[in-house]
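The primary structure of each chain is shown beneath.
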Amino acid sequence: MKFTIAIDGPAAAGKGTISRAVAEHFNMAYLDTGLLYRVVGAKVLAGETPVDAAKTIHPGELQGAYLRSSEVAQAASRAAVLPDVRMALIEFQRDFARREGGAVLDGRDIGTVICPQADVKLFITATPGIRAMRRLKELDRQRSDLSYSKVLNDVIDRDKRDRERKLAPLIAAEDAITIDTSSLNASVAISHVIEIIQKRMDL
Ligand code: DC
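The structure presented is a predicted model; accordingly, all values stated were derived computationally and were not measured.

A.B. asks: I keep staring at the overall build of the protein and nothing clicks. Help me out?
C.D. replies: A count of helical and extended segments in the protein gives nine helices and five strands. The helix and strand sequence of the protein, counted from the amino end, reads β-α-β-α-α-α-α-β-α-β-α-α-β-α. In terms of overall size, the protein behaves like a compact globule, its C-alpha atoms giving a radius of gyration of 16 Å where 203 residues would be expected to give roughly 17 Å. Each of the three principal axes of the protein carries a C-alpha extent, and together these read 50 × 35 × 30 Å. Out of the 203 residues in the protein, the part that is buried amounts to 50%. Here the protein displays about 10,000 Å² of accessible surface, and carbon together with sulfur accounts for 55% of that area. Taken together, the 29 basic and 27 acidic charged side chains of the protein have centroids lying 2 Å from each other.

Written out as structure tokens, the structure is:
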């Protein structure tokens, strides 16, 4: 069975938590496509050119706490503006989406560019303030020198760059279902999404 679930949305809206839970529930493979851009960002910070970094990426690199840092996130967002970087990462993502057994991909352009034919498209969002609070909690475990206002500025900066870029900007696909998680806890949001997907599978 091939079944593709596309989950897009801005930073720290809850995409990752929801996508992991959905993949586990339906026993599907999961790809956090932001990690591809984060690896590129990390390699650029280490001195590589963005395009070389994107062309030489391999699955073994998609892990490590450093990739979660805000420096790497900003570098990822800057590299993600470059058309050649995006082009170099398309095939890996499309191959992943076509896996036997089904696949969940989360990112910014999955429903619009990478998998316009996805079986289910979701757009997960939340207010910038709530997203900054969530990101702060996540990052706080590693660093205590981060303030709410710094994290909020990072979130707003990244949203702006991700939404305003010319190629594959962050936007909900026309046929995506939008879910605002601002006032939902994770388990309520996950149950809601699982119900939507199950209904689509039963059609
Ligand atoms: O989801 P994330 O925060 O890990 O993503 C990091 C950056 O990568 C994000 O600011 C923009 C970019 N990105 C993208 O352009 N397209 C995607 N499908 C996923 C991430």
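Let's pick the thread back up.
A.B. asks: Looking at this structure, how should I read unusual backbone geometry?
C.D. replies: Most of the time, phi is negative for any residue but glycine, and the peptide bond is trans. Here the phi dihedral of Ala12 falls at roughly 60 degrees; this positive angle occurs in a residue that is not glycine. Position of Ala12 relative to the elements: it lies in the loop between strand 1 (4-8) and helix 1 (15-26). Phi is positive for Ala168, which is not a glycine, with a value near 50 degrees. Locating Ala168 in the fold gives a position in the loop between helix 8 (148-164) and strand 5 (177-180). What makes Ala168 buried here is its relative accessible area of 8%.

Parameters and conventions
Residues numbered from 1 in each chain as written. Predicted model: local features only at pLDDT ≥ 70, side-chain atom pairs only at ≥ 80, totals over all residues. Heavy atoms only, no water. Helix = DSSP H or I, 4+ residues; strand = E, 2+ residues; numbered from the N terminus. Rg over C-alpha atoms; globule rule 2.2 N^0.38 Å. Buried < 20%, exposed > 50% of the residue type's maximum accessible area, 1.4 Å probe, protein only. Areas by Shrake-Rupley, 256 points an atom, 1.4 Å probe, with all protein chains shown as cover. Lys, Arg positive; Asp, Glu negative; His and termini not counted. Charge placed at Lys NZ, Arg CZ, Asp CG, Glu CD.

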